[in-house]
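Structure at a glance
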Amino acid sequence: MPILAFNNASDAATPDDVRINSSAVRFVESSRPEQKGKTMIYLVGQGAVGIPVVEPLDEVVAAIGGLAAAARHYLAGGPGGGASTVYISTANVSYLRASKQAIPAFWYIYFVDSFELRVLDPLPPGL
């Protein structure tokens, strides 16, 4: 359970001002343009609110390690008209359920804290 340090984008930037337990990560994704920071980190037990950090997505994903990339599914259409990539911590996935009758087909991913995330079919290796 390594503790990782990042720079929180919500507060004045100070080195290592947010520390996270890497084994508590649900998923990571790029911040939308209207959000602060470059990357959002979502933790188990945190609900739908992520932690915005100033580090780029590839740096955060590499620091956490062991994440599976999947295309996020949006019921009302994605930001910018397309799917964004989410990087999922498979260790915190409780179960998955297919919704293959929908177009496009997608999966519900349920995390250990009951949080639900939808990703497009096919699932990435490891899920």
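In short, a report on the structure. Residue numbers here run from 1 along each chain, matching the order of that chain's written sequence. Where totals are concerned, whole chains, interfaces and linings use all residues; where local detail is concerned, this predicted model gives features only for residues with pLDDT of at least 70, and gives and counts side-chain atom pairs only at 80 or more. Side-chain numbers come from the whole structure's heavy atoms, not from hydrogens or water.

**Here's the deal with the sheet that holds strand S7 (residues 85–89)**
For two strands to be treated as a pair, DSSP must find no fewer than two bridges joining them. Per the convention used, a helix needs a DSSP run of H or I reaching at least four residues, while a strand needs a run of E reaching at least two, with both numbered from the N terminus. Reading across from one edge, S5-S4-S3-S7-S6 is the order of the five strands in this open sheet, with antiparallel pairing throughout. The open sheet terminates on both sides in strands that have one partner only, identified here as strand S5 (51–53) and strand S6 (67–71). Taking the axes of each pair of neighbouring strands and ignoring which way they run, one obtains an average angle of 25° across the sheet. With three bridges connecting them, strand S3 (residues 25–30) and S7 associate as antiparallel partners. Directly across from Glu-29, in S7, lies its bridge partner Val-86. We call two residues in contact when some of their heavy atoms are within 4.5 Å. Axis lines are fitted to C-alpha atoms, over the contacting stretch for helices. Their N-to-C directions set the angle, which ranges from 0 to 180 degrees. On top of the sheet, helix H1 (residues 57–64) reaches S3, strand S4 (39–43), S5, S6 and S7; it is set at about 160° to S3, its chief contact.

**Observations regarding the sheet that holds strand S10 (residues 116–120)**
Spatial strand order, S8-S9-S10: three strands in an open sheet with antiparallel pairing. Because the sheet does not close on itself, it has two edges, and the strands there are strand S8 (93–99) and S10. On average, each strand axis in the sheet is tilted by 25° relative to the strand beside it, whichever way the strands run. Sheet analysis places strand S9 (residues 106–111) next to S10, joined by five bridges and oriented antiparallel. Each residue of the ladder has a partner; that of Tyr-110, found in S10, is Glu-116.

**Observations concerning the side chain of His-73**
Residue placement: His-73 occurs in the loop between S6 and S7. Residue His-73 is classed as buried on the basis of its relative accessible area, which comes to 9%. Among all residues touching His-73, those that are not within four sequence positions of it are Pro-104, Phe-106, Arg-118, Val-119 and Leu-120. Each residue gets one of three labels from its accessible area relative to the maximum for its type: buried under 20%, exposed over 50%, partly exposed in between, using a 1.4 Å probe on protein chains only.

**Side note on the nonpolar core**
For this analysis, a nonpolar core means a set of buried residues of the types Ala, Val, Leu, Ile, Met, Phe, Trp, Tyr and Cys, connected via side-chain atoms within 4.5 Å. Phe-6, Ile-20, Val-28 and Ile-41 are the most contacted members of the largest nonpolar core, which totals 15 residues. Residue contributions to this core peak at four residues, all from H1.

**Focus on the packing of aromatic side chains**
Ring pairs shown here join Phe, Tyr and Trp side chains whose ring centres sit within 6.5 Å, with only the six-membered ring taken for Trp; geometry is labelled stacked below 30 degrees between planes, edge-to-face above 60, and tilted in between. The tally for this structure, following the rule as stated, stands at seven aromatic pairs. Judged by centre distance (6.0 Å) and plane angle (35°), the ring pair of Phe-27 and Phe-115 falls under tilted. Linking Phe-27 in strand S3 with Phe-115 in the loop between S9 and S10, this pair joins segments that are 88 residues apart in sequence. Each member of the pair, Phe-27 together with Phe-115, is buried. Taken together, the ring pairs connect Phe-27, Tyr-42, Phe-111 and Phe-115 into an aromatic cluster. Only when the NZ of Lys or the CZ of Arg is both within 6 Å of the ring centre and within 35 degrees of the ring normal is a charge said to sit over the ring. A cation over a ring is seen here: Arg-26 above Phe-115, with NZ or CZ 3.9 Å from the ring centre.

**Section: unusual backbone geometry**
For the bond running from Ile-103 to Pro-104, omega is 0°, close enough to zero to count as cis. Secondary-structure assignment places Pro-104 in the loop between S8 and S9. That bond from Asp-121 to Pro-122 is cis: its omega, 5°, falls within 30 degrees of zero. As for its placement among the helices and strands, Pro-122 is situated in the segment after S10.

None of the figures reported here should be taken as evidence of function without further support.
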